[in-house]
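Below are the chains, spelled out letter by letter.
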Amino acid sequence: MKEILIEAYRTTKKLSGIDPSKPGNMRQLLTDDNAFKAYITSLAESIENKKDRESFTLLAENTRVNLLENSMFEINPYESLTLPILRVWKQTECAF
């Protein structure tokens, strides 16, 4: 999972200029549609089943909305791990 996350950070930075690994950039990532799409697409890339990939994308979008609604000024540093954790959970759920 570490490699997937590093690649997602690298791809997002390359495509949008936003580095999600840097503290404070998560809010910018969540508010920028292109950056968010690049990040989620990169995280979902290794999900082999198309239905599971689409499900993860939908869950990620719903989580994005909730994170933005719950954080008026700044994203809690722990909340920046929400989407990668969701990705791991979706992968392990599919294995059962």
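Figured I'd write up the structure that's included with this text. These figures come from a predicted structure and were not determined experimentally.

### Things to note about the overall build of the chain
Thinking step 1. The secondary structure content of the chain amounts to five helices and zero strands.
Thinking step 2. In sequence order, the secondary structure elements of the chain are arranged as α-α-α-α-α.
Thinking step 3. Counting every position in the chain, which comprises 96 residues, the buried fraction comes to 35%.
Thinking step 4. Taking the contacts inside the chain whose residues are at least 6 apart along the sequence as the reference set, 60% of them involve residues at least 24 apart.
Thinking step 5. Of the roughly 6,400 Å² of accessible surface on the chain, 54% is carried by carbon and sulfur atoms.

### Some details on the packing of helix H3 (residues 33-44) against helix H4 (residues 50-70)
Thinking step 1. Contact geometry of H3 with H4 gives a least axis separation of 10 Å together with a crossing angle of 140°. Relative to H4, the element H3 lies oblique. With respect to the hand of their crossing, H3 and H4 are arranged in right-handed fashion. Contacts from Asp33, Phe36, Ile40, Leu43 and Ala44 in H3 reach Arg53, Phe56, Thr57, Ala60, Glu61 and Arg64 in H4.
Thinking step 2. Split by residue class, the contact of H3 with H4 holds six nonpolar, one polar and four charged.

Rules behind the numbers
Residues numbered from 1 in each chain as written. Predicted model: local features only at pLDDT ≥ 70, side-chain atom pairs only at ≥ 80, totals over all residues. Heavy atoms only, no water. Helix = DSSP H or I, 4+ residues; strand = E, 2+ residues; numbered from the N terminus. Buried < 20%, exposed > 50% of the residue type's maximum accessible area, 1.4 Å probe, protein only. Contact = heavy atoms within 4.5 Å. Areas by Shrake-Rupley, 256 points an atom, 1.4 Å probe, with all protein chains shown as cover. Axes fitted to C-alpha atoms, helices over the stretch in contact; angles between N-to-C directions. Parallel < 35°, antiparallel > 145°, perpendicular 65-115°, else oblique. Left-handed = near helix turned anticlockwise from the far one by under 90°. Nonpolar A, V, L, I, M, F, W, Y, C, P; charged D, E, K, R; others polar.

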